Each structure stands twice: as C-alpha cells, then as structure tokens.
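Listed below are the residues making up each chain.
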Amino acid sequence: YCETLKKHGIKQSMSRKGNCLDNAMAEGFFGHLKSELLYNQNSHSVEYFVEELHEYIRYYNAERIRSNLGYVTPIEYRLRAG
C-alpha cells in the first residue's frame, strides 16, 4: 500500500489514533455512498457495481445538490465563486 502511494506521488497522511474528526469528511461520504448507492443495488456483478461506483463519485463531486453550498451543485458553486 505504501509503495503504491509513493509510486503515484501521493503523500500518505495518518493521524493520531482515536480522533473521529480526522475522518469526518470520509465517513460522511461513505455514509451517503451506502445510503444512495449501495443499499439501492440489486445483486449484480462486481463489474456493474464498479461502473455504478465511478458514476456515483462523478455525480457526488459535480451534480449532487449540497445544502452547505447554498443548495446548488459543486460546479454551480465554483462558477459563482470564480
């Protein structure tokens, strides 16, 4: 794992043990992922799920309306800010 990160120029970040705030963003994303994608899936192939996962991540980062951004998509928010 560590070697793969180095190979791709990614700096590994590890926090101290037991601080839930360090993982809040990731936990929030995975909570949405599970409720909006995983729990709504029928039993399909792994390949199908991987395709759906990629599509969900694109949707989450570009099109999903966010209350903390003023009920606009991340793209609309960036366009307004820039």
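Residue positions are counted from 1 within each chain, in the order its sequence is given. Totals for whole chains, interfaces and linings use all residues, but because this is a predicted model, local features are given only for residues with pLDDT of at least 70 and pairs of side-chain atoms are given and counted only at 80 or more. Side-chain descriptors were evaluated using all non-hydrogen atoms of the structure, hydrogens and water having been removed beforehand.

Participant: Requested: an account of the overall build of the chain, with residues and values cited.
Facilitator: Under the scheme used here, helices are H or I runs from DSSP no shorter than 4 residues and strands are E runs no shorter than 2 residues, and both carry numbers assigned from the N terminus. Within the chain one finds four helices and zero strands. Scanning the chain from its N terminus toward the C terminus, one meets helices and strands in the order α-α-α-α. Our radius of gyration looks at C-alpha atoms and nothing else; its globule reference is 2.2 Å times the residue count to the power 0.38. Relative to a compact globule of 82 residues, whose C-alpha radius of gyration would be 12 Å, the chain shows 16 Å and is clearly more extended. With the C-alpha coordinates of the chain rotated into their principal frame, the extents come out at 40 × 35 × 30 Å. Per-residue burial over the chain gives 16% buried out of 82 residues. To be clear on the numbers: accessible area is Shrake-Rupley with a 1.4 Å probe, and residue cover counts the displayed protein chains and nothing else. For the chain, the computed accessible surface area is about 7,200 Å², with 56% contributed by carbon and sulfur atoms. In summary, the charge assignment counts Lys and Arg as positive and Asp and Glu as negative, without counting His or the chain termini. Taken as the charge location is NZ of Lys, CZ of Arg, CG of Asp or CD of Glu. One way to put it: in the chain the 11 positive side-chain charges average out to a point 11 Å from where the 10 negative ones average out. We call a residue buried when its accessible area falls under 20% of the maximum for its residue type, exposed when it is over 50%, and partly exposed in between, using a 1.4 Å probe and counting protein chains only.

Participant: Describe the packing of helix H2 (residues 24-36) against helix H3 (residues 46-62), naming the residues involved and giving the relevant values.
Facilitator: The convention used is that axes are lines fitted to C-alpha atoms, helices contributing only their stretch in contact, and that angles between N-to-C directions extend from 0 to 180 degrees. Where H2 contacts H3, the two axes come as close as 12 Å, and the packing angle between them is 125 degrees. One element, H2, and the other, H3, form an angle in the oblique class. Pair H2 / H3 crosses with right-handed handedness. Each of Phe 29, His 32, Leu 33 and Glu 36 in H2 lies in contact with H3, whose residues at this interface are Leu 53, Tyr 56, Ile 57, Tyr 59 and Tyr 60. Gly falls in the polar group here, along with every residue not listed as nonpolar (Ala, Val, Leu, Ile, Met, Phe, Trp, Tyr, Cys, Pro) or charged (Asp, Glu, Lys, Arg). A class-by-class count of the residues in the contact of H2 with H3 yields seven nonpolar, one polar and one charged. Should an angle fall under 35 degrees it is taken as roughly parallel, and over 145 as roughly antiparallel, whereas 65 to 115 is taken as roughly perpendicular and any remaining angle as oblique. Left-handed describes a crossing whose near helix is turned anticlockwise from the far helix by less than a right angle; the clockwise case is right-handed. Note on definitions: a residue-residue contact is assigned when non-hydrogen atoms from the two residues lie within 4.5 Å.

Participant: Summarise the environment of Tyr 1; cite the residues concerned and give the values.
Facilitator: Relative to the assigned elements, Tyr 1 resides in the segment before helix H1 (2-7). On the basis of relative accessible area, Tyr 1 is assigned to the exposed category, the value being 71%. Taking the C-alpha atoms as reference, Tyr 1 lies 9.7 Å from Gln 12; in sequence the two are eleven residues apart.

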